[in-house]
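Analysis of the macromolecular model
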Amino acid sequence: LKHAARLAPAPCRWNSGLPVNIGVLFVPQQEAWVVERMGKFHRILEPGLNFLIPLLDRIRYVQSLKEIVINVPEQSAVTLDNVTLQIDGVLYLRVMDPYKASYGVEDPEYAVTQLAQTTMRSELGKLSLDRVFRERESLNASIVDAINQASDCWGIRCLRYEIKDIHVPPRVKESMQMQVEAERRKRATVLESEGTRESAINVAEGQKQAQILASEAEKAEQINKAAGREANAMLVKARAKAEAIQLLAAALAQQHGNAAASLSVAEQYVNAFSKIAKDSNTVLLPANTGDVTNMVAQALGIYTTLTKPQAVKTQDEIPPAQENSQPPTTEVLKAEQGSSS
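Small disclaimer: the values here were computed from a predicted structure and weren't measured.

A separate point is the overall build of the chain. Per the secondary structure count, the chain includes 10 helices and eight strands. When contacts within the chain are restricted to residue pairs at least 6 apart in sequence, those whose partners lie at least 24 apart make up 66%.

The three strands lie next to each other as β6-β7-β8, forming an open sheet whose pairing is antiparallel. Strand pairing shows two members of the sheet lacking a second neighbour, β6 (67–78) and β8 (156–167), which therefore form its edges. When the angles between neighbouring strand axes are averaged without regard to direction, this sheet yields 25°. Relative to β8, strand β7 (residues 84–95) runs antiparallel, the two being bridged by 10 bridges. Opposite Asp88, over in β8, you have Asp165 as the bridge partner. Against the sheet, helix α3 (residues 108–124) makes contact with β6, β7 and β8, and its axis sits at roughly 40° relative to β6, the strand it touches most. With respect to the sheet, helix α5 (residues 136–151) is in contact with β7 and β8, its orientation differing from that of β8 by roughly 140°.

What follows concerns the nonpolar core. Core analysis: the biggest nonpolar cluster contains 32 residues, and Leu91, Met120, Ile147 and Tyr161 have the highest contact counts within it. When residues of this core are traced back to their parent elements, those giving at least two are β6, β7, α3, α4 (129–134), α5 and β8. Broken down by element, the residue count for this core peaks at six residues, all from α3. Counting residues in hydrophobic clusters, the runner-up holds eight residues, among them Val35, Leu45, Leu52 and Val62.

On to the side chain of Thr79, then. For Thr79, the position within the fold is in the loop between β6 and β7. There is a polar contact of 2.5 Å between the side chain of Thr79 and the side chain of Asp81. Residues within four places of Thr79 in sequence aside, it is in contact with Leu85, Leu124, Gly125, Leu127, Ser128, Leu129 and Val132.

Turning next to the packing of α3 against α5. Two elements in contact, α3 and α5, have axes separated by 9 Å at closest approach and are oriented at 135°. On the basis of their axis angle, the class for α3 and α5 is oblique. Seen from above, α3 lies across α5 with right-handed handedness. Between α3, through Val112, Leu115, Ala116, Thr119, Met120, Glu123 and Leu124, and α5, the contact on the second element is made entirely by Leu139, Ser142, Ile143, Ala146, Ile147 and Ala150. Taken together, the residues that form the contact of α3 with α5 break down as 10 nonpolar, two polar and one charged.

Below, the discussion takes up the packing of aromatic side chains. All chains considered together, the criterion is met by four aromatic pairs. The interplanar angle of 65° and the centroid separation of 4.9 Å between the aromatic rings of Phe41 and Tyr99 together place this pair among those described as edge-to-face. Taken together, the residues Phe41 in strand β3 (residues 40–45) and Tyr99 in helix α2 (residues 98–103) connect sequence positions 58 residues apart. With relative accessibility at 39%, the residue Tyr99 sits in the partly exposed group. Aromatic pair Tyr99 and Tyr103: ring centres 5.1 Å apart, planes at 45°, arrangement tilted. With Tyr99 and Tyr103 both in helix α2, this residue pair falls four residues apart, about one helical turn. Taken together, the ring pairs connect Phe41, Tyr61, Tyr99 and Tyr103 into an aromatic cluster. In this arrangement the basic side chain of Arg160 is found over the ring face of Tyr92, its NZ or CZ atom lying 4.3 Å from the centre.

In this structure the tally under the stated criterion is six salt bridges. Here Glu67 ties to Arg160 by a salt bridge, and the two come within 3.2 Å at their closest N and O atoms. Pair noted here: Glu67 is in strand β6 and Arg160 is in strand β8, with a separation of 93 residues, a long-range link. Given a relative accessible area of 32%, Glu67 falls into the partly exposed group. For Arg160, a relative accessible area of 36% gives the class partly exposed.

Definitions and cut-offs
Residues numbered from 1 in each chain as written. Predicted model: local features only at pLDDT ≥ 70, side-chain atom pairs only at ≥ 80, totals over all residues. Heavy atoms only, no water. Helix = DSSP H or I, 4+ residues; strand = E, 2+ residues; numbered from the N terminus. Contact = heavy atoms within 4.5 Å. Pairing = 2+ DSSP bridges. Axes fitted to C-alpha atoms, helices over the stretch in contact; angles between N-to-C directions. Core = buried A, V, L, I, M, F, W, Y, C linked by side-chain atoms within 4.5 Å. Buried < 20%, exposed > 50% of the residue type's maximum accessible area, 1.4 Å probe, protein only. Polar contact = N/O pair within 3.5 Å; in protein donor to acceptor, adjacent residues only side chain to side chain. Parallel < 35°, antiparallel > 145°, perpendicular 65-115°, else oblique. Left-handed = near helix turned anticlockwise from the far one by under 90°. Nonpolar A, V, L, I, M, F, W, Y, C, P; charged D, E, K, R; others polar. Phe/Tyr/Trp six-rings, centres within 6.5 Å; stacked < 30°, edge-to-face > 60°. Lys NZ or Arg CZ within 6 Å of the ring centre and 35° of its normal. Salt bridge = Lys/Arg side-chain N within 4 Å of Asp/Glu carboxyl O.

Okay, here's the thing in structure tokens:
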């Protein structure tokens, strides 16, 4: 058994068998053959034609320089929030140094696979369940960096690592689905409320603008109507006042016009005193309130003073016969004062 063990062929690295040394060998492209002479490393054969010494030289290892794909078996890992996951991946490798890959480690495939699994478990323990799904790219990059740091002495370089499947426990999966449904319902409710809010705001803005436009139109209409009505009223009042002044002037120009004017002033004076203390409790009275004759005389004196220039002009125009026919104003005033007393 010991002799059979010594004569057993060396393990083949990613190849089905080792070539037999017949002296003349043809090495394929992207392959490296490690040759030992009398049990000691001799050289690495380059692609193409090579010559070896039979019985002394022996092809010990055959390394493929192509990119190698290794399936990482499914493994369990615990996240930061104590959720157990079943995760597997794919590892992409390339042999950079055939000598280190042959003599640095016994089984490179097994060593890299175990390193990828342990690194995956350690990296998943730093992340929560939600971050595991969001940060798969950063997780892959972290695993690649960790494998490259450890496999540098093996002559192997990890190009990339990809996570294939992440299996979540059924209960956690149900809770995640419920969370997703709740989040979607929340978003739907928020969107619906925002739509209702925007609709109410638009309706309110429309009503506001409509009321503003209606009020402005009504204001303009009222202004136009008021302007027209006030203008017409002012014109009517002015015309009525002008006619009243003309009639009053004509009445005063007639015979006994001053007496009629004094009678009107006396009546207004009596009416004014009849309304005293009806609208307010505070009343201001002149000192000679009871002297009606004096008040009428003062009013007529003011009127005579205002009409004196016109009276002088009219006297110049009136013939002498008419001037003698009218009684003096003072006599009429005295007669009216006697009648009123």
